[in-house]
Structure formats: structure tokens, C-alpha cells
Amino acid sequence: LFAGGEKNQWAFFRYHIPDPIFFKNDIKVTIQQIGGTDKAKVIDLQKNGVPLIPISIYEIPAIHLLFNPEKPVDLTSKDLPEGWTNFYRSDDLSSTAYFYLDRPENDLPPIQSVKMRTAKL
């Protein structure tokens, strides 16, 4: 958790369904999907077809930046050090948004049918 600054912004490392996040007027939520483990394990993940893009390798005391979205770095290269390797990963996500009206009626159109809303799921 990071909090503060002149704009009173908050950043969470992670939160879970039961953890409330309170806000007064609006909220912006972004999700960054990064994983990390030893380089050898990341290489195994890649060999098994896991879609990931290497970002960096941490070799004390330096961080070696690797990120290349067009052509992910080959971690098996002998030029790269061993160490903790961070990578972008792909996860399945789910979200729910709530909004509150100041009165029971509104100018919104009627909600679409369940059949229409779930047609391409």
C-alpha cells in the first residue's frame, strides 16, 4: 500500500474481494499483471507455452531491464544473468461496477435481455 502525495493518491499492491476500497467522488482502477520467480522457472514456463513477456532480471545489486513487447527476450541466452525474473503475464479477470442514482427513476434505456448480454460468452 502506498498513500499520500499532493494529490492524495493511493496504490495497492493487491486487494481481495472482501477488502473494501472507499471513495467519495470517483475512482480509477488499473491492473498490472506481473509475475516473478527464478529465471530457470520462467524458462520452464515459456517452454510449456505460457504466454509471458520478460521484463527484468534482478541480480544483486543491479536490475537488468529486458522488456521488448515486439520480440520478447530469449532468457536462455548466455549473456543474461541468473536471478529473480519479472514478467508480464496474462490472467483471467472479472469485475463488477456499481453506480448509485439520486432517485429511483432515470433517463437510461431499459437493460438488454440476458440472451443479448450473454450472446458471445
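Look up: the structure comes first, before these words.
The structure displayed is predicted, hence computed values, not measured ones. (Residues numbered from 1 in each chain as written. Predicted model: local features only at pLDDT ≥ 70, side-chain atom pairs only at ≥ 80, totals over all residues. Heavy atoms only, no water.)

Enquirer: What should I look at first to understand the overall build of the chain in this one?
Expert: Looking only at helices and strands, the chain has two helices and six strands in total. What you see in the chain, going N to C, is helices and strands ordered as β-β-β-α-β-β-β-α. Evaluated residue by residue, the chain yields a buried proportion of 14% over its 121 residues. For the chain, restricting intrachain contacts to residue pairs at least 6 apart in sequence, the fraction spanning at least 24 positions comes to 56%. Of the roughly 11,300 Å² of accessible surface on the chain, 55% is carried by carbon and sulfur atoms. (Helix = DSSP H or I, 4+ residues; strand = E, 2+ residues; numbered from the N terminus. Buried < 20%, exposed > 50% of the residue type's maximum accessible area, 1.4 Å probe, protein only. Contact = heavy atoms within 4.5 Å. Areas by Shrake-Rupley, 256 points an atom, 1.4 Å probe, with all protein chains shown as cover.)

Enquirer: Help me understand the packing of aromatic side chains in this model?
Expert: The geometry of an aromatic ring pair is captured by the separation of the ring centres together with the interplanar angle, meaning the angle of the planes. Evaluation of the coordinates by the stated rule reveals one aromatic pair. Where F67 meets Y88, the ring centres are 5.3 Å apart and the plane angle is 75°; that geometry is what we call edge-to-face. Pair noted here: F67 is in the loop between β5 (62-65) and β6 (84-89) and Y88 is in strand β6, with a separation of 21 residues, a long-range link. (Phe/Tyr/Trp six-rings, centres within 6.5 Å; stacked < 30°, edge-to-face > 60°.)

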